[in-house]
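Now for the letters of each chain:
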Amino acid sequence: MPTTIPFLDLPPQNRALRPALEAALRRVLDSGAFILGPEVQAFESEFAALCGVEHAVAVNSGTSALLLALAAAKVGPGDEVVTTPFSFIATASVICHLGARPVFADIDPLSYCLDPEAAAAAVSERTRALLPVHLFGQPADMAPLRKIAARHGLALIEDAAQAHAAEYQGRRAGALGDSGCFSFYPTKNLGALGEGGMVTTADGALAEQLRSLRDWGQQRKYIHAQLAWNARMEGMQGAVLRVKLRQLPAWTAARRAHAARYAELLPGIGLAAPCEAPQRLHVYHVFNVRVPRRAQVREALAEQGIGTGIVYPLPLHLQPAFAELGHAPGAFPEAERAAQELLALPIYPELPEDAPERVVKALGQALGR
Ligand SMILES: *Cc1c(COP(=O)(O)O)cnc(C)c1O
């Protein structure tokens, strides 16, 4: 009986880095810099360099990154933000938390990212920002989105939570809009030992505003210029993320190598690999295939010890949490079709080299091909 292939496997990553992670944690323990501090500051510089932007502002989650980026773009009550219905709940939730309204536009069925034409049609007098998501690790089609933003005077904010070091026309995620929002949730391509996030921007004034918003709008000790939040990154997470950041190029290469192997094998069983759109570097946070009879296929793979995922089973416009927005099934057919058909296969840097072969073989058997 061959060993099982879990959908995700985090412990090997931390095991390999254990001495360096322990040293990093000890540095913070000894320094007492538990909130922000020199490790976080150094991580901000290193992450800004990775993205090719001037500024990076470290926060305590990807959700906070989105919330602060939208708040810094002056999104507030009565405003609308055009975004995708096919994403994690955080993307649209933060819009509502600021008193604004998420206006969904359907996805492009090949990249699963916001369709620029649909986004343009969704812009109204009240639109304040566009919030595309670089879903599964592939950048959204940013050039036309940038034109729409410029034409209507909108902020363009990237949800890059799944797209560390992904590229579009030779530029990195986080450098493709007015600001870029990252998550360091442990399962992301770059993961903390807990929660973490980052906002990147080329705009110095915007960076200053983000620094204020993450720290209670504090100007001087106990003098507060504006209403804000506690959204600061912890020192331990900054120290740990610096260790892991050095591995990111090798991890991205490993993810892409596994994806390439899957892509070689899938046509043999009549399935298509995810589309890599032109001029984009996909970092494969998730590797999806469209399959018929998904539930049965998933169960057949589980019986062979192969874990799979469904990311995401219900689009945002049909979530009970957004019932107030009043959308019915059929509103965004491509998002709904993707939610019904996509099956995520195991992909992570430490995935054994022969895993794609075994997974595709089991998939073929499950499909009777
Ligand atoms: C993970 C994720 C978030 C939220 O990040 P957290 O760090 O979990 O708060 C937002 N958007 C997308 C697309 C994500 O995948």
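Residues numbered from 1 in each chain as written. Predicted model: local features only at pLDDT ≥ 70, side-chain atom pairs only at ≥ 80, totals over all residues. Heavy atoms only, no water.

**Student:** Give me the lowdown on the pairing of strand β5 (residues 155–159), citing residues and values where you can.
**Tutor:** Taken across its five residues, β5 has five buried, putting it largely inside the fold. Across the two faces of β5 the burial is the same, with A155, I157 and D159 and L156 and E158 all buried. Here strand β4 (residues 127–131) runs beside β5; their pairing, made up of two bridges, is parallel. What sits directly across from A129, in β5, is A155. (Buried < 20%, exposed > 50% of the residue type's maximum accessible area, 1.4 Å probe, protein only. Helix = DSSP H or I, 4+ residues; strand = E, 2+ residues; numbered from the N terminus. Pairing = 2+ DSSP bridges.)

**Student:** Got a sec to walk through the sheet that holds strand β6 (residues 167–168)? Specific residues and values, please.
**Tutor:** Pairing is antiparallel across the open sheet formed by three strands, whose spatial order is β7-β6-β12. For this open sheet the edge positions go to β7 (171–172) and β12 (280–281), each flanked by a neighbour on one side alone. Across two bridges, β6 lies against β12 in antiparallel orientation. By the bridge assignment, Y168 is partnered in β12 with R280.

**Student:** Tell me about the sheet that holds strand β9 (residues 197–201), and name the residues and values.
**Tutor:** Here we have seven strands laid out as an open sheet, ordered β1-β9-β8-β5-β4-β2-β3, and mixed in their pairing. Since the sheet does not close on itself, it has two edges, and those belong to β1 (55–59) and β3 (101–104), each with one partner. Between one strand axis and the next, the sheet turns through 25 degrees on average, direction left out of account. Both strand β8 (residues 179–183) and β9 contribute to a ladder of four bridges, which runs antiparallel. Within β9, the position partnered with F182 by the bridge is M198. (Axes fitted to C-alpha atoms, helices over the stretch in contact; angles between N-to-C directions.)

**Student:** I'd like to hear about the site of the ligand, residue by residue, with values.
**Tutor:** Of all residues adjacent to the ligand, which total 17 residues, the nearest are G62, T63, D159, S183 and K188. Between the ligand and S183 there is a distance of 2.7 Å, counted from an oxygen atom to a side-chain nitrogen or oxygen. K188 has a polar side-chain atom sitting 3.0 Å from an oxygen atom of the ligand. Those elements that place two or more of their residues in the shell around the ligand are α4 (62–72) and α5 (89–97). (Near = heavy atom within 4 Å. Polar contact = N/O pair within 3.5 Å; in protein donor to acceptor, adjacent residues only side chain to side chain.)

**Student:** Tell me about the pattern of salt bridges, and name the residues and values.
**Tutor:** Applying the stated rule across the entire model yields 16 salt bridges. A salt bridge links E167 to R172, with the shortest nitrogen-to-oxygen separation between them at 3.3 Å. Take R172: its relative accessible area is 27%, and that puts it in the partly exposed class. Salt-bridge contacts for R290 lead to E341; the nearest nitrogen and oxygen are separated by 2.9 Å. Of the two residues, R290 is situated in strand β13 (residues 287–290) and E341 in helix α12 (residues 333–341); the sequence distance between them amounts to 51 residues. Take E341: its relative accessible area is 23%, and that puts it in the partly exposed class. Beyond isolated ion pairs, a larger network of salt bridges with shared partners links R27, E39, E46 and R242. (Salt bridge = Lys/Arg side-chain N within 4 Å of Asp/Glu carboxyl O.)

**Student:** Explain the packing of aromatic side chains to me, using residue names and the numbers behind them.
**Tutor:** One pass over the full model with this rule turns up 12 aromatic pairs. Ring centres of F104 and F332 lie 6.2 Å apart, and the angle between their planes is 80 degrees; this geometry places the pair in the edge-to-face category. Highlighted residues: F104 in strand β3 and F332 in the loop between α11 (294–303) and α12, separated in sequence by 228 residues. Residues F104 and F332 agree in their burial class; the two are buried. An aromatic cluster of three or more residues is present, and its members are F86, F88, Y112, F136 and Y312. (Phe/Tyr/Trp six-rings, centres within 6.5 Å; stacked < 30°, edge-to-face > 60°.)

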